[in-house]
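A look at the structure
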Amino acid sequence: MNSIMTVQNLLVRRGGVTVLDIEEMSVEAGRVLALIGPNGAGKSTLLLTMAGLLKPDRGRIFYRGVPVDTGARRSEMRKSVSVVFQESLLLNTSVYKNVALGLMFRRLTTGDIRKNVENALAYFGISALAGRSAKTLSGGEAKRVSLARAFALKPELILLDEAFNSLDPPTRETLIDDLRHILEETKITAVLALHDREETLRMAQDVVVLADGGILQSGTTAQIFNQPASEFVAGFVGTETILEGTVRNNRNGLLEIAVADKMIEAVGDFLPGKAVFCCIRPENITVSDAPQDKSSARNVFEAKIQKIVRQAFFYKMILDCGFVVVAYITVSSCEDLRLCEGSSVAVSFKATAVHVMPRER
Amino acid sequence: MELIVQGIVKAFELLLSFDPEVLGITWLSLKISGTATFISLFFGVSIGTAVALTTFPGKRLVISLINTGMGLPPVVVGLFVTIMIWRSGPLGFLEILYTPYAMIIAQAIIATPIVMGISLASIQNLPPNLRLQILALGASRMQMVWVLIKESKLPLLAAVMAGFGGVISEVGASIMVGGNIKGYSRVLTTATVMETGKGNFDIAIALGIILLILAFLVNLLLTHVQQRQRLR
């Protein structure tokens, strides 16, 4: 892998409190990395430090293998790195001048500035706004202008700090799609601070989970979402069913795990007697009115619907099958099966859908 | 009542006849207060911006001092400047007591904290991350400061108006350090005080009206510039 940026032994303290303590983290060139974690996890601090806008108390940042340890090197790195903050932070002038600002700092010729600005505005579909005052823009338009301003610099690395916050859902949806498309097309490396699971899944190839200033887990998006390393990460990435169990048997990697008074089959490599967590994502659980004959699922249980909660486009069901699991079901399926609280159903999931991780004692 | 009516009539006679003495006093008032405001703008904006953008021990105390300075009594400033430039004072060698230069210094001292306080508040009112965003776009520190000042131009114009308004209308310091010398250091406020003392209410009212018109015109101009920027 080709790292564009690496941070090592990073420590940032504020008011005597450690807000960031990271041993090592790398950003691979050409990929999109999401920093996720709860509020106060240190995502914004890490981005500011990576951008050279915040001096760490300890540690080093390497940009393309070169340590960024002097003011001159920080300034040099900033020429290749763009930052987009949560607020649009536009100046009280026209859209064109806002997008041109960074290019003017770089002392480009008027012709080059015009070309870059026009390209960036076109990328984000806001060419028609060029002459408008930034003050008159809607939230979505302002965000597009701030993104265009960052992309106009043709950066190698772009850092986005919760850039989709405060946008209404339709605007956010469109912007996420457009940004993903632009990142794919330009191959610009991006680091995004996010706290939305769906945005992470849609945007990122790699994920770093932060909490209390430290890295809890890093890996590809699939690894983080399907194989969370801890109960906290599992909960944060939306694994709604986390069951405590004990491995009873291991037959060539096929585990039998006792959960409550039931037995769950899962794939893993743990010795019998090991206390474990079984994590199952809600989308991997199937709910039907009766056990399916043709199902390849190794885990099939009778269950009672404890609670049905309406979500935006589906129902969330809390089911009791001796242990409690959470499943999602489409609105039409729920209506077709005439399901209601108290109904008896069959719950099934594959052995491979169960992520097993050790439970510390 | 008759006194007032007579005074107003006389005032307009003086105004419409373009009395050379009145015109001279008006022009000197504009020159002295305009120059003092310009000087205060330089020091006020630069120090106000520096205080707003830096972190240092005792910053709150400094801000409190600046805010207190916004209400500096002109007579105290006049007294202080007089002592400093008195023949035996530390700056006595300059020999500027009872000159327009002394009046400019005194008025600049009065206006600077006003401009400084408003500049400081306006820079502090900008979004906290704007500074970082400008740096992230590749600006040098000086470029960043310049962009922030430009971004605060509306409140800064208000600072100019407040500074000019404060000094064009003050009398205590001007009379103490300028001496109200006819044709040399007599300005609208000092002349008004003198004429009122002499019982020449018509002339005093005329000078008062000119002072009001002058303050109004300058503020009208600045307001026009300010509102044009706001609507842009």
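Just so we're clear, the structure is a prediction, and the values are computed from it rather than from any experiment.

1. Digging into the overall build of chain B
Helices and strands together make up the secondary structure of chain B, namely 11 helices and 0 strands. Secondary structure elements in chain B, listed N-terminal to C-terminal, are α-α-α-α-α-α-α-α-α-α-α. For chain B, the C-alpha atoms occupy an extent of roughly 65 × 50 × 25 Å along the three principal directions. Put simply, chain B has 232 residues, and 39% of those count as buried. Here the analysis covers contacts within chain B between residues at least 6 apart in sequence; of these, 78% occur between residues at least 24 apart.

2. As for the nonpolar core
By size, the foremost hydrophobic cluster in this structure holds 167 residues, and its most contacted members are Val99, Ala148, Leu159, Leu192 and Cys278 of chain A together with Ala106 of chain B. Examining the composition of this core, we find that 15 residues originate from one element, helix H5 (residues 100-124) of chain B, more than from any other. When sequence neighbours within four positions are dropped, the list of residues in contact with cysteine 278 of chain A reads Leu243, Gly245, Ile257, Val259, Ile264, Ala266, Val354 and Val356 of chain A.

3. Quick word on the interface of chain A and chain B
Each partner contributes residues to the interface: chain A has 17 residues there, and chain B has 14 residues. Every element with two or more residues in the side of chain A that touches chain B is listed here: strand E6 (81-84) and helix H3 (95-105) of chain A. Along the lines of polarity and charge, the residues of the side of chain A that touches chain B split into 9 nonpolar, 4 polar and 4 charged.

4. Here we look at the sheet that holds strand E10 (residues 214-220) of chain A
All names here are of chain A. The strand order across the open sheet formed by 6 strands is E6-E7-E8-E3-E9-E10, and the pairing between neighbours is mixed. Both outer strands of the open sheet, E6 and E10, are each paired with one neighbouring strand and no more. Pairs of neighbouring strands in the sheet enclose a mean axial angle of 15°, with direction left out of account. With 6 bridges connecting them, strand E9 (residues 206-211) and E10 associate as antiparallel partners. Note on E10: the bridge partner recorded for valine 208 is serine 218.

5. A few points about helix H6 (residues 169-186) of chain A
End to end, H6 of chain A covers 25 Å across 18 residues, agreeing with the expected 26 Å (1.5 Å per residue, within 8%). Note on H6 of chain A: the residue one or two positions beyond its end, lysine 187 of chain A, has a positive phi of about 60°.

6. Quick word on the packing of H3 of chain A against helix H5 (residues 139-151) of chain A
Helix-helix packing: each pair is described by the crossing angle between the helix axes and the interaxial distance. All names here are of chain A. Close contact between H3 and H5 brings their axes to 7 Å; oriented N to C, the two are set at 35°. Relative to H5, the crossing made by H3 is right-handed. Residue-level inspection shows Val95, Asn98, Val99, Leu101 and Gly102 of H3 in contact with H5, the latter providing Val145, Ala148 and Arg149. Split into classes, the residues belonging to the contact of H3 with H5 amount to 5 nonpolar, 2 polar and 1 charged.

7. Some points on the environment of methionine 77 of chain A
All names here are of chain A. Here methionine 77 is to be found in helix H2 (residues 71-78). Residue methionine 77 is classed as buried on the basis of its 21 C-beta neighbours within 10 Å. Residues methionine 77 and methionine 50, 27 residues apart in the sequence, show an inter-C-alpha distance of 9.9 Å. Residues contacting methionine 77, with those up to four places away along its chain left out, are Gly52, Tyr63 and Val68.

Cut-off values and rules
- Residues numbered from 1 in each chain as written.
- Chains lettered and ligands numbered in written order.
- Predicted model: local features only at pLDDT ≥ 70, side-chain atom pairs only at ≥ 80, totals over all residues.
- Helix = DSSP H or I, 4+ residues; strand = E, 2+ residues; numbered from the N terminus.
- Buried ≥ 20, exposed ≤ 12 C-beta atoms within 10 Å, placed from the backbone.
- Contact = placed C-beta atoms within 7 Å.
- Core = buried A, V, L, I, M, F, W, Y, C linked by C-beta atoms within 7 Å.
- Nonpolar A, V, L, I, M, F, W, Y, C, P; charged D, E, K, R; others polar.
- Pairing = 2+ DSSP bridges.
- Axes fitted to C-alpha atoms, helices over the stretch in contact; angles between N-to-C directions.
- Expected span 1.5 Å × (residues − 1).
- Left-handed = near helix turned anticlockwise from the far one by under 90°.

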